[in-house]
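Architecture at a glance
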Amino acid sequence: MRSVFCAALLMLAVRAEVPYERLVNASSEPQNWLTYHGDYGGVRHRELDQINTANVKDLRLEWLFQVPKSGRFETVPLVVDGVMYFTAPEGHAFAVDARSGRELWRRRHRIPENALLVGGSINRGFAVLGGRLYMATPEGRLLCLDSRNGEELWDVEVGPWQKGFGATSAPLAVKDKLIIGVAGGEYGVRGYLDAYDAATGKRVWRWYSIPGKGEPGNETWSGDSWLRGGAPPWMTGTYDPQLGLLYWGIGNPAPDLDGDVRKGDNLYSSSIVALDANTGKLVWHYQTMPHDTHDWDAAQTPMLADLDWKGQPRKLLFQGNRNGFFYVLDRVTGKFLMAKAFARQNWSRGFDETGRPIYEASIDPTPDGNRICPGLAGGANWMAPAFNPQLKTFYLQYFEECHTYYSMPQQFKEGKPYWGGTYQSIENERKWGNVKALDPFTGEAKWSFEFNKPSWVGTLSTSGGLLFTGDDDGYLVALDARSGKLLWKINTGASMATAPITYMVKGKQYLTMASGGALLTFALP
Amino acid sequence: MKLLWALAPLLVTAQTISKPPVAPGRSIYLSNCSLCHGATGEGGRGPNLSSGTPVHGTTDADLRRVISKGVSGTPMPSFRFEGSEMAQLLGYLRSLRTTRVAVEKAPGDAASGHVIYEKLRCNACHRIDKSGSVYGPDLSRVGAGRSLAYLRESIVNPSADVPPVYRGVAVTAADGSRVTGIRVNEDSFSLQLRNIAQQFVLFDKSEIKEMGERKESLMPPYSNLTPKELDDLVSYLASLRGAITKQGVKKGVEVR
């Protein structure tokens, strides 16, 4: 009896160490949430069914943690053995007791007052490796904190804000490195993805998402437009430990809406790329939008799944893209397998064998305006997708809207917005938020659920047969993963712009979501 | 809790002053500063202001800055004084220094003290410049913040003065098993401890049968040291004066 309790107590006492092996097997620790996506593959599914279709109607608020509210609260918390770590806007970071929400430490990184913050003051969350936490700062730095007390151990520059760089994504911890990309596409930067040594913060490699002079792909940019061609890898990618490959979605080219000053395909903007995690060398790429002129980046989660494809077991990559298409690629070779529209679209006539899209006659923005679907924000965007392996269903939230796109030639100035145009909502045309369950083999919708407004909330799938998501009016909802039927809802009182997570402590399952300036945690009574 | 700063400052090499000098700022000093800096500036929880080696400067402007801004990340608070009060206080601080007391000097050898610190594995509970444990206080700046007498007492009789945030909590769980640690947080319904293995131990109070604060420090007394070893160790601790960065003291901000 006594030894049994001691074992329970040991579980309660927090193992602060999260070695790489635990990250590789993160899905086999459904009680924890160890990376931004919850697992290296970006699947966002948890084998937890205490909360399920039968009882989710009883879900109620367990605790709430208020952060100093100062910008959109886009964090995805990490949970490590009963302790929750999360970031908040303006350089804030916290550790709390995951059962009670009581604070264990807090820390604030001071952002220089005069800094230009290209992505606002937001932050999307931590990476954990060993006993350390890693976070980006809005002015373009990478911090390493001691998970025991939040003390800052080192702080390095990823990209100087003076040149229009920023960093908002959660870093990805791989082996002994932290992988993070820059933001700043709207400021005409030249994007890159970096790897830093987890112990010292020293940069190990840098991969430019726009090839330099003399490198293959540079010829896809007219003149010297590549120098300010944008293409920042501003979201968190995924990783296949067996193949040793990183998968990253790359930002759109700059200027966003004026393609005349950067003729050519503009590689590797609006592409999905596979890089060798050790060296940062490009292994393959697939460009979703050659020469994009709609701000349609490919930064959405490149999700990894192993399934039978036409009778053959295959390592696949799924992406619900900003341009309104669902893509399936072979993630070993980058071969294009399928693309199917999930949103209203009027820009593509289809694809050639290689998967290159065939554009409709006139899709570019014009001085007088051109109505194109989807709208500037998509389609899909950084709202996390999810995949339920039991139901073999891919879930995503996206915007159903169209925009009028205008081009306006613009002079480039370092550190200044470089859009080359603008866009407008279309009067009297309905726009809404949509959650869709897709059959990944056909791209056909199994069901869809409409929200009143386009919404920035991602999805979470559980073996309880549930899909959690939410909307811009503040509703957090649970849908039946099989049918899309609404099973539970609560108005959280503020619009949300991240995705929920679930975890378990001492045999009790919890659901956590950031809303407004609060982190809300729900459980069954 | 013993008021250490009331003890004679043993290590002041010249003769100690029998009566504190009288000055207009004295009452301001006594009511605001003496708790940490001692009744006559001899130090205690704060550094010795009469004969210590200042780390923040010696000019009036330096003192004004330290007093009105405090030292972020340390117990030194910021103060706002009205009208002539600041001038009177500065006058009193000056008078503390003009008395013929030599600079307080640690008698031992800091390098040998460092070796003793390593040998006794003080870093199993303490941290200096980001290395070591987070269980006990960070010692990176302890030499700037404490008098020599206080440091000496901290080693031989740690229980003499235990700051509230480091008071030990002993918990007996519902089945009789025990945990002792430092309270990181507590409310009516939950308790968060850190144990000596530097793990968070998190309780719902319904899981606790008994809990109590320990009177003694969680640090064991080191009473077997030779006088020379003790001098050396105190010298080493006194030499720990951290780094001050542009943003002020970098260490320990919002950290325990």
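Source: prediction; values computed, not measured.

Cut-off values and rules
- Sequence order as written defines residue numbering, which begins from 1 separately in each chain.
- Naming scheme: in the order in which they are written, chains are lettered from A and ligands are numbered from 1.
- Selection of residues for local features in this predicted model requires a pLDDT of at least 70, selection of side-chain atom pairs for listing and counting requires 80 or more, and totals for whole chains, interfaces and linings are taken over all residues.
- The side-chain quantities take in all heavy atoms of the structure and omit both hydrogens and water.
- DSSP bridges decide pairing: two strands pair if at least two such bridges lie between them.
- Only runs of H or I of at least four residues qualify as helices and only runs of E of at least two qualify as strands under DSSP, and these elements are numbered from the N terminus.
- Per the annotation, domain bounds derive from an automatic or database assignment of domains.
- The quantity called pLDDT is the predictor's confidence in a given residue, expressed from 0 to 100.
- It only takes one pair of heavy atoms within 4.5 Å for two residues to be counted as in contact.
- In plain terms, two cysteine sulfur atoms within 2.5 Å form what is called a disulfide here.
- Buried, partly exposed and exposed residues are distinguished by accessible area as a fraction of the type maximum, computed with a 1.4 Å probe on protein chains only: under 20%, between the cut-offs, and over 50%, respectively.
- With axes taken as lines fitted to C-alpha atoms, and helix axes fitted only over the stretch in contact, angles between N-to-C directions fall between 0 and 180 degrees.
- Rotating anticlockwise by less than a right angle from the far helix to the near helix defines a left-handed crossing, while the corresponding clockwise rotation defines a right-handed one.
- In the scheme used here, Gly and all other residues not listed as nonpolar or charged are polar, with Ala, Val, Leu, Ile, Met, Phe, Trp, Tyr, Cys and Pro taken as nonpolar and Asp, Glu, Lys and Arg as charged.
- Between the first and last residue of a helix there are one fewer steps than residues, each counted as 1.5 Å, and that sum is the expected span.
- Polar contacts, as counted here, are pairs of nitrogen or oxygen atoms within 3.5 Å of one another; within protein the pair requires one atom able to donate a hydrogen and one able to accept it, and residues that are adjacent in sequence qualify only if both atoms are side-chain atoms.
- Any angle from 65 to 115 degrees is called roughly perpendicular, while one under 35 is roughly parallel, one over 145 is roughly antiparallel, and all others are oblique.

Observations concerning the pairing of strand 24 (residues 348-351) of chain A
All names here are of chain A. Examined bridge by bridge, strand 24 and strand 25 (residues 357-359) share three bridges and lie antiparallel to one another. Paired with F351 across the two strands is P357, which belongs to strand 25. Where strand 24 folds back on strand 25, the antiparallel hairpin that results is connected by five residues, among which G355 adopts a positive phi of roughly 95°.

Points about the domain arrangement of chain B
Entries for chain B in the domain assignment read domain 1 (21-103), domain 2 (110-161 + 219-238) and domain 3 (168-213). Placing the centre of domain 1 of chain B and that of domain 3 of chain B at their C-alpha centroids yields a distance of 39 Å.

Describing the pairing of strand 21 (residues 312-320) of chain A
Strand residues, when the strand is regular, have side chains that alternate between the two faces of the sheet. All names here are of chain A. Where strand 20 (residues 303-309) and strand 21 come together, seven bridges link them in antiparallel fashion. Each residue of the ladder has a partner; that of L307, found in strand 21, is R314. Counting the residues in the hairpin turn of strand 20 and strand 21 gives two residues, including K310, whose phi is positive at 50°. Joining the antiparallel neighbours strand 21 and strand 22 (residues 325-330) is a turn of four residues, in which G324 adopts a positive phi near 95°.

Focus on the confidence of the model for chain B
In regions of low pLDDT, the predicted coordinates are not meant to be interpreted in detail. All names here are of chain B. Here chain B averages 84 in pLDDT, and 84% of its residues register 70 or above. Within chain B, helix 5 (residues 110-119) carries the highest mean pLDDT (97), whereas strand 9 (residues 248-249) carries the lowest (38). Considering only residues more than four positions removed or in separate chains, one finds that residues 1-18, a stretch of pLDDT under 50, has 37 contacts. Long-range and interchain partners of residues 245-256, a stretch whose pLDDT sits below 50, account for 32 contacts in this model, where long-range means more than four residues apart. As a predicted assembly, this complex carries a pTM of 0.88 together with an ipTM value of 0.83.

A short note on the state of the cysteines
All told, the structure shown has one disulfide over all chains when counted by the stated rule. In this model, C373(A) is linked to C402(A) through a disulfide, with the two sulfur atoms separated by 2.1 Å. Residues C373(A) and C402(A) share a disulfide whose torsion about the S-S bond is about 100°; that sign makes it right-handed. You can see C373(A) sitting in the loop between strand 26 (370-372) and strand 27 (386-388) and its partner C402(A) sitting in the loop between strand 28 (393-400) and strand 29 (403-407), a full 29 residues away along the chain. With a relative accessible area of 4%, C373(A) lands in the buried category. C122(B) supplies the cysteine sulfur nearest to C125(B), a cysteine that is in no disulfide, at a spacing of 8.7 Å.

Here we look at the packing of helix 3 (residues 60-69) of chain B against helix 4 (residues 85-98) of chain B
Packed helices, taken two at a time, are described by their axes: the angle between them and the distance between them. Residues and elements named next belong to chain B. Packing of helix 3 against helix 4 leaves a shortest axis separation of 11 Å and a crossing angle of 115°. For helix 3 against helix 4, the interelement crossing comes out right-handed. Packed against helix 3, whose contacting residues are D60, L63, R64, I67 and S68, the element helix 4 presents M86, L89, L90, L93 and R94 at the interface. Residue composition of the contact of helix 3 with helix 4, by class: six nonpolar, one polar and three charged.

Here's the deal with helix 4 of chain B
Its 14 residues place the ends of helix 4 of chain B 20 Å apart at the C-alpha level, agreeing with the 20 Å of an ideal helix rising 1.5 Å per residue. Here helix 4 of chain B has its buried residues at M86(B), L89(B), L90(B), Y92(B), L93(B), S95(B) and L96(B).

So, the side chain of R124(A)
Residue and element names in this part refer to chain A. Inspection of the secondary structure puts R124 in the loop between strand 7 (118-121) and strand 8 (127-129). Of note is the side chain of R124, whose polar atom sits 3.0 Å from the side chain of E74. Here R124 is in contact with Y36, E74, T75, V76, T87, T168, S169, A170, W234, M235 and W382, once residues within four sequence places are set aside.

Some details on the sheet that holds strand 10 (residues 141-146) of chain A
All names here are of chain A. What the four strands build is an open sheet, ordered 8-9-10-11; its pairing is antiparallel. Each of the sheet's edge strands pairs with one partner strand only, and the pair in question is strand 8 and strand 11 (152-157). Shown here is a sheet whose adjacent strand axes are inclined to one another by a mean of 20°, direction ignored.

Quick notes on unusual backbone geometry
All names here are of chain A. The step from L267 to Y268 runs through a cis peptide bond, and the omega angle for that step is -5°. In this fold, Y268 is placed in the loop between strand 17 (245-249) and strand 18 (271-276). Of note, the bond from C373 into P374 is cis; its omega dihedral lies within 30 degrees of zero at 0°. Note on placement: P374 falls in the loop between strand 26 and strand 27. A positive phi is found at K175, a non-glycine position, where the angle reads about 55°. Following the sequence through the fold, K175 ends up in the loop between strand 12 (172-174) and strand 13 (177-181). The phi dihedral of K392 falls on the positive side, at around 45°, and the residue is not glycine. The residue K392 is located in the loop between strand 27 and strand 28 in this model. With a relative accessible area of 37%, K392 lands in the partly exposed category.

Thoughts on the packing of helix 7 (residues 148-156) of chain B against helix 8 (residues 227-238) of chain B
Residue and element names in this part refer to chain B. Relative to each other, helix 7 and helix 8 sit at 120°, their axes nearing to 10 Å. The angle between helix 7 and helix 8 places the two elements in the oblique class. Helix 7 and helix 8 meet at a crossing whose hand is right-handed. The segment helix 7 lies against helix 8, with L148, L151, R152, I155 and V156 engaging L230, D231, L233, V234, L237 and A238. For the contact of helix 7 with helix 8, a count of residues per class yields nine nonpolar, no polar and two charged.

Here's the deal with helix 7 of chain B
Within helix 7 of chain B the residues assigned to the buried category are L148(B), Y150(B), L151(B), R152(B), E153(B) and I155(B). Tucked into the core, helix 7 of chain B has its buried residues touching helix 6 (142-145) and helix 8 of chain B.

Focus on the sheet that holds strand 37 (residues 501-505) of chain A
All names here are of chain A. Pairing is antiparallel in the open sheet, where four strands are placed in the order 2-39-38-37. One side of each edge strand has no neighbouring strand; the edge strands of this open sheet are strand 2 (60-66) and strand 37. Looking at each pair of strands side by side, their axes are set apart by 30° on average, direction ignored. Pairing geometry for strand 38 (residues 508-515) and strand 39 (residues 518-523), over five bridges, is antiparallel. The partner of A514 across the bridge, within strand 39, is L519.

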